[in-house]
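Residues per chain are reported as follows:
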Amino acid sequence: MSNNGKRTRVALIVLCVILSIILALLVTATVWYEVTLNRIGRVEDETLSPEQLEQIRNELDETDPDFSGVHIDENDVTLPQGGADIISSGENLIHIMLVGQDRREGQPRQRSDAMILCSINKTTKTLTMTSFMRDTYVTIPGYWNGRMNGAYQLGGFNALYDTLEYNFGVQVSNGIEVDFSGFEKIVNLVGGLDIELTASEANYLNKRGNWDVDNSSAGTWSLKAGVNHLTGAQALAYSRFRKLDSDFARTNRQRIVLTALIEKAKTLSLIELYKLVDGIIPLITTDMD
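Just so you know, these numbers come straight off a predicted model, no measurement behind them. (Residues numbered from 1 in each chain as written. Predicted model: local features only at pLDDT ≥ 70, side-chain atom pairs only at ≥ 80, totals over all residues. Heavy atoms only, no water.)

Undergrad: Give me helix α3 (residues 150-168): which residues, what numbers.
TA: Quick reminder: α-helices carry 3.6 residues per turn. Residues three or four places apart thus point the same way. Compared with the 27 Å implied by 1.5 Å per residue over 19 residues, the 16 Å span of α3 between its first and last C-alpha is markedly short. Of all the bends in α3, the greatest, near 135 degrees, is centred on glycine 156. Backbone geometry just downstream of α3 places glycine 169 in the positive-phi region, at approximately 75 degrees. (Helix = DSSP H or I, 4+ residues; strand = E, 2+ residues; numbered from the N terminus. Expected span 1.5 Å × (residues − 1). Bend = angle between axes of the 7 residues up to and from the residue.)

Here it is in structure tokens:
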């Protein structure tokens with residue numbers, strides 16, 4: 001065989017090896033991709049009985065005994081007739097609804113006590129977070145007028161989307177939901193968050209502790225005014241309390257935590273990001289395909 005023939009044969013062998021490696025990598029990546037997606041929580045259609053709807057309505061109508069703000073008569077509220085004007089999204093703007101569900105382990109779907117609309121502008125490459133107050137009095141299409149956080153409990157993402165569109169003219173593309181336990185685990189997965197607390201916020205958290213799980217941590221935290229490194233339990237408590245000030249301050253704290261999560265993710269290596277994604281995937285529920 002001539003030298004040219006040998007070189008051609010070697011080149012073909014090298015090419016075949018390279019193509020085999022590329023093919024193996026593609027197959028591995030595809031398998032990982034499919035396995036990962038199958039671990040994401042998917043929205044389950046849940047039709048509530050008339051008895052369940054009545055029970056929810058009674059719970060949503062309860063007055064918070066610790067609420068010290070102004071009480072408004074629902075008959076004095078003017079709601080949009082026929083729905084609000086639609087705010088055009090456009091092909092370069094995507095609205096994703098983030099839902100923090102007020103659910104404990106073993107419970108069915110509960111209220112969406114945290115609702116943050118993430119508007120992603122693909123042209124300007126910006127992300128805007130807009131909070132919706134849990135106690136906003138709205139029309140929940142197909143159900144009744146009531147507190148906005150009841151829409152998700154009544155009909156999941158679809159009822160919440162309909163409520164946003166009817167009352168605010170916002171058309172949501174998709175949603176992502178996480179409950180209390182998942183939120184706490186996600187913060188722990190990134191190793192905690194550095195959050196600046198006021199003196200009143202630190203004192204309140206130290207006094208109350210992680211009251212959602214149990215009261216065993218009350219009085220054991222030693223948070224202080226200034227920057228603190230919060231665990232998942234502490235970040236959850238920080239994101240939830242509002243009786244110290246207001247729901248406006250509460251929603252601001254939630255956005256502060258999300259921003260801190262984004263900034264923390266930017267500092268992670270590719271391997272750390274992979275571990276983060278792998279850990280977060282089973283903790284969320286979404287209606288995205």
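The rest of the description comes next.
Undergrad: Kindly report on the packing of helix α6 (residues 232-240) against helix α7 (residues 247-266), identifying the contributing residues and their values.
TA: Two numbers describe how α6 lies on α7: the axes approach to 7 Å, and their chain directions differ by 145 degrees. Two secondary-structure elements touch here, α6 through Ala235, Tyr238, Ser239 and Arg240 and α7 through Arg250, Arg253, Gln254, Ile256 and Val257. Grouping the constituent residues of the contact of α6 with α7 by class yields four nonpolar, two polar and three charged. (Axes fitted to C-alpha atoms, helices over the stretch in contact; angles between N-to-C directions. Contact = heavy atoms within 4.5 Å. Nonpolar A, V, L, I, M, F, W, Y, C, P; charged D, E, K, R; others polar.)

Undergrad: Please provide a residue-by-residue account of the packing of aromatic side chains, values included.
TA: Inspection of the entire model under this criterion finds six aromatic pairs. With a centroid separation of 5.7 Å and 20 degrees between ring planes, the pair formed by phenylalanine 157 and tyrosine 161 is classed as stacked. Of this pair, phenylalanine 157 and tyrosine 161 are both found in helix α3, four residues apart, which corresponds to roughly one turn of the helix. The class for phenylalanine 157 is buried, based on a relative accessible area of 2%. An aromatic cluster is built from Tyr152, Phe157 and Tyr161, whose rings are joined through pairwise contacts. (Phe/Tyr/Trp six-rings, centres within 6.5 Å; stacked < 30°, edge-to-face > 60°. Buried < 20%, exposed > 50% of the residue type's maximum accessible area, 1.4 Å probe, protein only.)

Undergrad: Summarise the nonpolar core; cite the residues concerned and give the values.
TA: Residues Leu193, Leu197, Leu205 and Tyr238 are the most contacted members of the largest nonpolar core, which totals 32 residues. Here the element with the most residues in this core is α6; it accounts for five residues. Setting aside its immediate chain neighbours within four residues, leucine 197 contacts Ala202, Leu205, Leu223, Lys224, Ala225, Gly226, Asn228, Leu230 and Tyr238. Phe132, Met148, Phe157 and Val170 belong to the second-largest nonpolar core, a separate cluster that totals 20 residues. (Core = buried A, V, L, I, M, F, W, Y, C linked by side-chain atoms within 4.5 Å.)

Undergrad: Any details on unusual backbone geometry? Residues and values, ideally.
TA: With a phi angle near 55 degrees, lysine 125 is a residue other than glycine that sits in the positive phi range. For lysine 125, the position within the fold is in the loop between β3 (112-121) and β4 (126-132). Judged by its relative accessible area of 74%, lysine 125 is exposed.

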